[in-house]
2 protein chains.
Amino acid sequence: MPGERSQAGRPTISEVAAEAGVGRATAARTLGGYGYVSPELRERVLAAAEKLGYRANALARSMSTGVSHTLGVIVADIGNPFFAGVMRGISDASRARGFDTLVLSTYEDLEEEVAATNVLIDKRVDGVILASAAVGRGDVAHIRAALDRGIPVVLVDRAVASVDLDAVVIDNRDAARRAVETLIASGHRRIGFVWGPPMAEPPATRRALLAAASRNLWTDGERLRGYLDALDDARIPFDPDLVMMGRKIEERATQEVARMLALPDRVTALFCTETEAVTGALRALRTSGLSCPRDISLIGFDDSAWAAVMEPPLTMIEQPVHQLGAKAAEVLLDIVGGAEPRREMHTLRSRLITRSSVAPPPSPDA
Amino acid sequence: MPGERSQAGRPTISEVAAEAGVGRATAARTLGGYGYVSPELRERVLAAAEKLGYRANALARSMSTGVSHTLGVIVADIGNPFFAGVMRGISDASRARGFDTLVLSTYEDLEEEVAATNVLIDKRVDGVILASAAVGRGDVAHIRAALDRGIPVVLVDRAVASVDLDAVVIDNRDAARRAVETLIASGHRRIGFVWGPPMAEPPATRRALLAAASRNLWTDGERLRGYLDALDDARIPFDPDLVMMGRKIEERATQEVARMLALPDRVTALFCTETEAVTGALRALRTSGLSCPRDISLIGFDDSAWAAVMEPPLTMIEQPVHQLGAKAAEVLLDIVGGAEPRREMHTLRSRLITRSSVAPPPSPDA
């Protein structure tokens, strides 16, 4: 077999395989630390490797198997604690199988995402995990470029409707519905949604709003659907005045929550879909002189150490960030190791952490 | 010159240089977007390039110049908002000069840092920015390995005493001193330092403590020095009971602050050197039933959106994180472009953001 001769007396993977009485692929998977090998065969390969004095050589391994033992991760915003947690999960799961991870951040910019994909192709990574900015926009030529070069791609956090890939996501719609149901169960009917799709003008209808959300990020579209689900179930009419529009900027959330608090029939509760929306909303509350939860209740994404030490401690949705990253890495590494892509949506459950930021609304005559 | 012939009528860098009447290196720097070129020569090169219809080709550029237009960044913890901010600065400054950045996180583990350095050497990056875990430990063989292969290394946030490299850092010692001086100026004399070096037992003397800190992270040693500077200036005796030991874990800070609050002569103020130390301290305060700033004052590293929306809003030290990253990238890109390393410590100034978490200590008979 070409490239399989021993050099300077170093045993090759094929020689280890022959000694163990297993196929070369099984020996390569065991010694390379990727793909599935049954415990019994693994044992035999490792014993044979020890007997022959086999020592893995990363470069030789890469040349003989075509595997460079590197995964590329493209995240929308490295500065978001959510992605930091996801990356830790990816890193831990990859490391456990002997893979390093290279990270590129696109800062939610599609051009950056295309450039990042090209860099990873150029650096010959074995697979790519993508927390995509292209989601919902249909601009997926760069994803196809990677796939065309035999580089598998797995999506995390956000799904892309227009390509058929494995995606590991959380139950965004359910999470949002449960949060809004919790507010409704406390008696709230004027519930602000902070924040929604970036548009100049809020759409006047439920339908137009959903269409706009679908054109934007998948996660936010799903969270908006969950908000509307809960309103529908409780027969609370949709009010476009209670949905924040605009780019995901803390300052914008501050302004918009201030607007919702100044409405004649003001909001009594807020559902915040991002960390920056939470801190923006809290700034607006501080300025308004209203107090949480006496005057206004709040539930938000994502839980953090800060949320627990606030006054009051905030009721928050906790995403299984580490598990999200680890699962994405495992799905990808199975494909790198030779498994067929299942092209499934893997959905993990989030959790509502109940603390003290939800209370009944103040009575109207108070 | 080999590799310099036109292909398919495409002009080469040498032809552009000849047309512009400049040296090939100047043309390459201008067209490659790296290193310094005077405005006048840049103008001439760009005019010649336009006249000849020169179009840059990333791969050809990489082969002819040996520059792959990729920087590697090794950070201690991608999950720390501080590093996220630094990376944004690195990314923005690199992008402005046409370089992509690959990030690897070591999670404060030296073995991971060594592996990450090898990955970056393997991926042929043009330079490495290192927020090192090896600092102060003298384990710098991996840094030398990169330098030996002609890959320049610039340090950010943390300096390494044992290698002679450019480092971009903040004024940790001054920042800490200013924070502790602010607490002393408010009347505090029992000031907790949260957290210090990871040791089983707190050293009994000032000298032993500093030695321990020096063996650990450079930043924390510097912050400890600033704390001691301020105590010395005010002739406040050092009390080892007020210095938190142990690993950088929020839970540990919670326990240790609870201990300091239970001392017969308890702390009246806390200086927290990390975000996790701040949230840990706030947890302890919440459990103790003491209130900030009435019963206890607090100043911490690093400022964040959360700190501003706390009750009370926290007085915090703001590090110029973006500038720190951008400066490190610029210093490195200058070296990649051919400049001699200056082997300097570039020190940027931090800022104390005064909010409402500092007040005079409660009177002893209260």
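Rules behind the numbers
- Residues numbered from 1 in each chain as written.
- Chains lettered and ligands numbered in written order.
- Predicted model: local features only at pLDDT ≥ 70, side-chain atom pairs only at ≥ 80, totals over all residues.
- Heavy atoms only, no water.
- Helix = DSSP H or I, 4+ residues; strand = E, 2+ residues; numbered from the N terminus.
- Buried < 20%, exposed > 50% of the residue type's maximum accessible area, 1.4 Å probe, protein only.
- Contact = heavy atoms within 4.5 Å.
- Buried area = accessible area lost by both parts, 1.4 Å probe.
- Salt bridge = Lys/Arg side-chain N within 4 Å of Asp/Glu carboxyl O.
- Polar contact = N/O pair within 3.5 Å; in protein donor to acceptor, adjacent residues only side chain to side chain.
- Nonpolar A, V, L, I, M, F, W, Y, C, P; charged D, E, K, R; others polar.
- Least-squares fit on C-alpha atoms with pLDDT ≥ 70 in both.
- pLDDT = per-residue confidence, 0-100.
- Pairing = 2+ DSSP bridges.
- Axes fitted to C-alpha atoms, helices over the stretch in contact; angles between N-to-C directions.
- Phe/Tyr/Trp six-rings, centres within 6.5 Å; stacked < 30°, edge-to-face > 60°.
- Lys NZ or Arg CZ within 6 Å of the ring centre and 35° of its normal.
- Left-handed = near helix turned anticlockwise from the far one by under 90°.

**Digging into unusual backbone geometry**
Residues and elements named next belong to chain B. The linkage connecting C292 with the following residue, P293, adopts the cis geometry, with an omega of 5°. Residue position: P293 is located in the loop between α12 (275–288) and β8 (297–301). Cis geometry is adopted by the peptide bond preceding D302, which originates at F301 and carries an omega value of -15°. Position of D302 relative to the elements: it lies in the loop between β8 and α13 (305–309). At H69, a position not held by glycine, the phi torsion is positive, near 55°. Mapping H69 onto the fold places it in the loop between α4 (58–65) and β1 (70–75). Take H69: its relative accessible area is 6%, and that puts it in the buried class. One non-glycine residue with positive phi stands out, namely R235, at about 55°. Its location among the elements puts R235 in the loop between α10 (218–233) and α11 (250–262).

**Considering the environment of B:L261**
Residues and elements named next belong to chain B. For L261, the location among the structural elements is in helix α11. Under the relative-accessibility criterion, L261 is labelled buried at 11%. Along the chain, L261 and L242 lie 19 residues apart, while their C-alpha atoms are 9.8 Å from each other. Setting aside residues no more than four positions away along its own chain, L261 makes contact with R266, V267, A284, L285, S288, L290 and I296.

**Observations regarding the interface of chain B and chain A**
Each partner contributes residues to the interface: chain B has 41 residues there, and chain A has 41 residues. Carbon and sulfur atoms make up 63% of the surface buried where chain B meets chain A, a total of about 3500 Å² over both sides. B:R95 serves as the salt-bridge partner of A:E112, at 2.9 Å between the closest nitrogen and oxygen. In this structure, the connection of chain B to chain A is made through ten residue pairs in polar contact (both at pLDDT 80 or more). Residue assignment for the side of chain B that touches chain A shows that the elements contributing at least two residues are α5 (81–96), β2 (100–105), α6 (110–122), α12 and α13 of chain B. Sort the elements by how many residues they give to the side of chain B that touches chain A and α12(B) lands first, with six residues. Looking at the side of chain B that touches chain A residue by residue, the classes come out as 22 nonpolar, eight polar and eleven charged.

**Points about the relation of the copies chain B and chain A**
Superposition of chain B onto chain A requires a rotation of 179° combined with a translation of 0.0 Å along the rotation axis, giving an RMSD of 0.2 Å. The transformation just described matches what one would write down for a two-fold rotation axis. Minimal C-alpha separation from the rotation axis in chain B is found for B:V103, amounting to 2.3 Å. Taken as a fraction of all interface residues of chain B, those also at the interface in chain A reach 100%, which identifies the copy contact as same-surface.

**What to know about the pattern of salt bridges**
Residue and element names in this part refer to chain A. Taken as a whole, this structure holds 50 salt bridges over all chains when the rule is applied. D239 is paired through a salt bridge with R190; the nearest N and O atoms lie 2.9 Å apart. On the criterion of sequence distance, the pair formed by D239 in the loop between α10 (218–233) and α11 (250–262) and R190 in the loop between α8 (172–185) and β6 (191–194) is long-range, its members being 49 residues apart. Taken as a pair, D239 and R190 share a single burial class, namely buried. A salt bridge links E222 to R225, with the shortest nitrogen-to-oxygen separation between them at 3.7 Å. Of the two residues, E222 and R225 are both situated in helix α10; the distance of three residues between them amounts to about one turn of the helix. Taking the relative accessible area as the measure of exposure, E222 reaches 17% and is therefore buried. Take R225: its relative accessible area is 22%, and that puts it in the partly exposed class. Here the residues in one salt-bridge network are R173, D174, R177 and D229, joined through shared partners.

**Structural notes on the environment of A:I317**
Its location among the elements puts A:I317 in strand β9 (residues 315–318). Excluding residues that lie within four positions of it along the chain, A:I317 makes contacts with A:A175, A:A179, A:F271, A:I299, A:G300, A:F301, A:D302, A:D303, A:S350, A:R351 and A:L352.

**Considerations on the confidence of the model for chain A**
Per-residue pLDDT for chain A has a mean of 85; in total, 86% of the residues score no lower than 70. The low-confidence segment residues 1–8 of chain A, where pLDDT is below 50, has ten contacts with residues more than four positions distant or belonging to other chains.

**As for the sheet that holds β6(A)**
Residues and elements named next belong to chain A. In spatial order, the strands read β6-β7-β8-β9-β11; together these five strands make up an open sheet with mixed pairing. Of all strands in the sheet, those with a lone pairing partner are β6 and β11 (351–353), marking the two edges. Each strand axis lies, on average, 15° off the axis of its neighbour in the sheet, ignoring direction. As paired elements, β9 and β11 share three bridges and run antiparallel to each other. Bridging from a neighbouring strand, E318 pairs with R351 of β11. Seen against the sheet, α10 touches β6, β7 (269–272) and β8 (297–301) and runs at an angle of roughly 175° to β6.

**Notes on the packing of aromatic side chains**
One pass over the full model with this rule turns up eight aromatic pairs over all chains. Seen in terms of ring centroids, A:F193 and A:F271 are 6.0 Å apart; in terms of plane orientation they differ by 55°. Their pairing is tilted. Highlighted residues: A:F193 in strand β6 and A:F271 in strand β7, separated in sequence by 78 residues. Residues A:F193 and A:F271 agree in their burial class; the two are buried. Taken together, a centroid distance of 6.2 Å and an interplanar angle of 55° make the contact between A:F271 and A:F301 tilted. Residue A:F271 is found in strand β7, and its partner A:F301 is found in strand β8; the two are separated by 30 residues along the sequence. A:F301 carries the same exposure label as A:F271, and that label is buried. Among the aromatic residues, those joined into a ring-pair cluster are A:F193, A:Y227, A:F271 and A:F301. The residue whose ring lies beneath A:R88 is B:Y107, and the NZ or CZ to ring-centre distance is 3.7 Å.

**Re the packing of helix α8 (residues 172–185) of chain B against α10(B)**
The packing of two helices is summarised by the inter-axis angle and the distance between the axes. Residues and elements named next belong to chain B. Between α8 and α10, whose axes approach to 7 Å, the crossing angle comes to 40°. Taken as a pair, α8 and α10 cross one another with a handedness that is right-handed. The segment α8 lies against α10, with N172, R173, A176, R177, V180, E181 and I184 engaging W218, T219, E222, R223, R225, G226, Y227, D229, A230, L231 and D233. Per-class residue counts for the contact of α8 with α10 are seven nonpolar, three polar and eight charged.

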